[in-house]
Amino acid sequence: MPIKLYGSWFSTFARKVALGLDLKRLAYEPIDALTRESHDELTRLNPRAEVPVLVDGGITVVNSADILQYLEWRYPERALYPADIAARVAARALERLADQRFDPIVVDCSFWHWADRDDQPPAGLREAGQCDLERVLARLESELATRAKPWPFGAPGVVECAWFANLVAARPLGFNLDETRFPSVDGWLRAMRAHPVFAADAKRTASFLKTLKDSSHERRRLFWSGDRIEWLLARGFHRWLVAEIEAGRAVFPD
Ligand SMILES: N[C@@H](CCC(=O)N[C@@H](CS)C(=O)NCC(=O)O)C(=O)O
């Protein structure tokens, strides 16, 4: 039975897992699980109704970091994690920096680009996003500056899987990524863009985005969880979130 990846080419976390599968050259069936029709099946597999979910034979794994770890245990060939323990710890920390710090900023500022709404972002949101994005990029830059080029851990793996979709999305969503301030990040992103696995991912998502408006993906009610809520509250946009909840525009995981 082939591996099934319940995801969406719109989800950076699902793309992270797809990139891991692609780097390992594992065949899989991608299933768009964020359409209205697939909602019940997704909820059955993951009560939080979040993608990605990986089903491999009798095993179901949720959460992108757990899925990549599972793939490494089950299919060790073409390793996604560095062999050296200290490097592995550093790689996991950079994975978390993408998942828990960069993603929430990008997603929280992105709704006015793709969701079904005709208002403007709350005052100061974009500026707060740009400012915090730069703080995260500065942390990434200082990590990358001391490591090997172009691949900080010797070969593309978990860190590239976690960062690629996030970094690629930032400029189209209106963020400024200053290559003079973040030269190592810029060089790394260029290397990923030139790699066939990452280039194919970017192409997949670009063609998916052309179909999003006419698809049955939820674009009115926004899904809120974990770090994306935390960032919004930490930056003082709680009133806006409350208004979203009161207007029936917010959905939370079970
Ligand atoms: N911690 C989870 C986060 C997954 C997540 O946030 N998934 C989002 C898409 S990127 C989702 O499924 N949202 C539900 C929705 O948009 O309906 C992971 O790493 O897999």
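Just so it is clear, the structure is predicted and the values come from calculations on it, not from any experiment. (Residues numbered from 1 in each chain as written. Predicted model: local features only at pLDDT ≥ 70, side-chain atom pairs only at ≥ 80, totals over all residues. Heavy atoms only, no water.)

### Remarks on the site of the ligand
For the ligand, the full set of nearby residues is Ser11, Phe13, Leu34, Ala49, Glu50, Val51, Pro52, Asn63, Ser64, Phe223 and Arg228. Contacts to the ligand include serine 64, whose side-chain N or O atom sits 2.6 Å from an oxygen atom. The fraction of the free accessible surface of the ligand (510 Å²) that becomes covered by protein chains is 78%. Its residues placed into classes, the shell around the ligand shows six nonpolar, three polar and two charged. (Near = heavy atom within 4 Å. Polar contact = N/O pair within 3.5 Å; in protein donor to acceptor, adjacent residues only side chain to side chain. Areas by Shrake-Rupley, 256 points an atom, 1.4 Å probe, with all protein chains shown as cover. Nonpolar A, V, L, I, M, F, W, Y, C, P; charged D, E, K, R; others polar.)

### Here's the deal with the pattern of salt bridges
On inspection of all chains with the given rule, the structure shows 21 salt bridges. Here glutamate 50 and arginine 48 are joined by a salt bridge, their closest N and O atoms 3.0 Å apart. Its relative accessible area of 23% is what places glutamate 50 among the partly exposed residues. Here arginine 181 ties to glutamate 134 by a salt bridge, and the two come within 2.8 Å at their closest N and O atoms. Residue arginine 181 is located in the loop between helix 7 (158–170) and helix 8 (183–194), and its partner glutamate 134 is located in helix 6 (residues 125–145); the two are separated by 47 residues in the primary sequence. Residues joined in a network through salt bridges with shared partners are Arg15, Asp22, Asp201 and Arg204. (Salt bridge = Lys/Arg side-chain N within 4 Å of Asp/Glu carboxyl O. Buried < 20%, exposed > 50% of the residue type's maximum accessible area, 1.4 Å probe, protein only. Helix = DSSP H or I, 4+ residues; strand = E, 2+ residues; numbered from the N terminus.)

### Structural notes on the side chain of asparagine 166
Mapping asparagine 166 onto the fold places it in helix 7. Among all residues touching asparagine 166, those that are not within four sequence positions of it are Thr12, Ala98, Phe102 and Asp103. (Contact = heavy atoms within 4.5 Å.)

### Here we look at the domain arrangement of the protein
The domain architecture assigned to the protein consists of domain 1 (3–74) and domain 2 (85–214). Placing the centre of domain 1 and that of domain 2 at their C-alpha centroids yields a distance of 20 Å. Across the domain 1/domain 2 interface, buried area totals approximately 1,800 Å², and carbon plus sulfur atoms make up 66% of it. For the pair domain 1 and domain 2, the number of links is four salt bridges. The closest approach of N and O atoms between aspartate 201 and arginine 15, which form a salt bridge, is 2.7 Å. (Domains from an automatic or database assignment. Buried area = accessible area lost by both parts, 1.4 Å probe.)

### Considering the packing of helix 1 (residues 12–23) against helix 9 (residues 196–211)
Between helix 1 and helix 9, the least distance of the axes is 10 Å, while the angle of their chain directions is 140°. Classified by the angle their axes make, helix 1 and helix 9 are oblique. Judged by the sense of rotation from one axis to the other, the crossing of helix 1 with helix 9 is right-handed. Residue-level contacts link Arg15, Ala18, Leu19, Asp22 and Leu23 of helix 1 to Val197, Phe198, Asp201, Ala202, Arg204 and Thr205 of helix 9. For the contact of helix 1 with helix 9, the residue count by class is six nonpolar, one polar and four charged. (Axes fitted to C-alpha atoms, helices over the stretch in contact; angles between N-to-C directions. Parallel < 35°, antiparallel > 145°, perpendicular 65-115°, else oblique. Left-handed = near helix turned anticlockwise from the far one by under 90°.)

### Considerations on helix 1
Taking 1.5 Å of rise per residue, 12 residues should cover 16 Å, and helix 1 covers 16 Å from first to last C-alpha, within 8% of that figure. Counting buried positions along helix 1 yields 12 of 12 residues, so the element is predominantly enclosed. The backbone nitrogen of phenylalanine 13 has a side-chain oxygen 3.3 Å away, supplied by the residue at the start of helix 1, namely serine 11. Downstream of helix 1 by a residue or two, arginine 25 has a phi angle that is positive, lying close to 55°. (Expected span 1.5 Å × (residues − 1).)

### Structural notes on the packing of helix 7 against helix 9
Following both chains from N to C, one finds helix 7 and helix 9 inclined at 30°, their axes separated by 11 Å at the closest point. As summarised for this structure, helix 7 and helix 9 are arranged roughly parallel, according to the angle between their axes. Crossing hand, helix 7 versus helix 9: right-handed. Contacts from Glu160, Cys161 and Phe164 of helix 7 reach helix 9 at Phe198, Asp201 and Ala202.

### Brief notes about the nonpolar core
Grouped together as the largest cluster of nonpolar side chains are 74 residues, with contacts concentrated most on Trp163 and Leu167. Of the domains in this structure, domain 1 (3–74) and domain 2 (85–214) are the two that each give at least three residues to this core. When residues no more than four places from it in sequence are discounted, the contact partners of leucine 167 are Phe102, Leu137, Leu177, Val185, Trp188, Leu189 and Met192. Of all hydrophobic cores here, the second largest spans 10 residues; its members include Ala14, Ile31, Ala49 and Val55. (Core = buried A, V, L, I, M, F, W, Y, C linked by side-chain atoms within 4.5 Å.)

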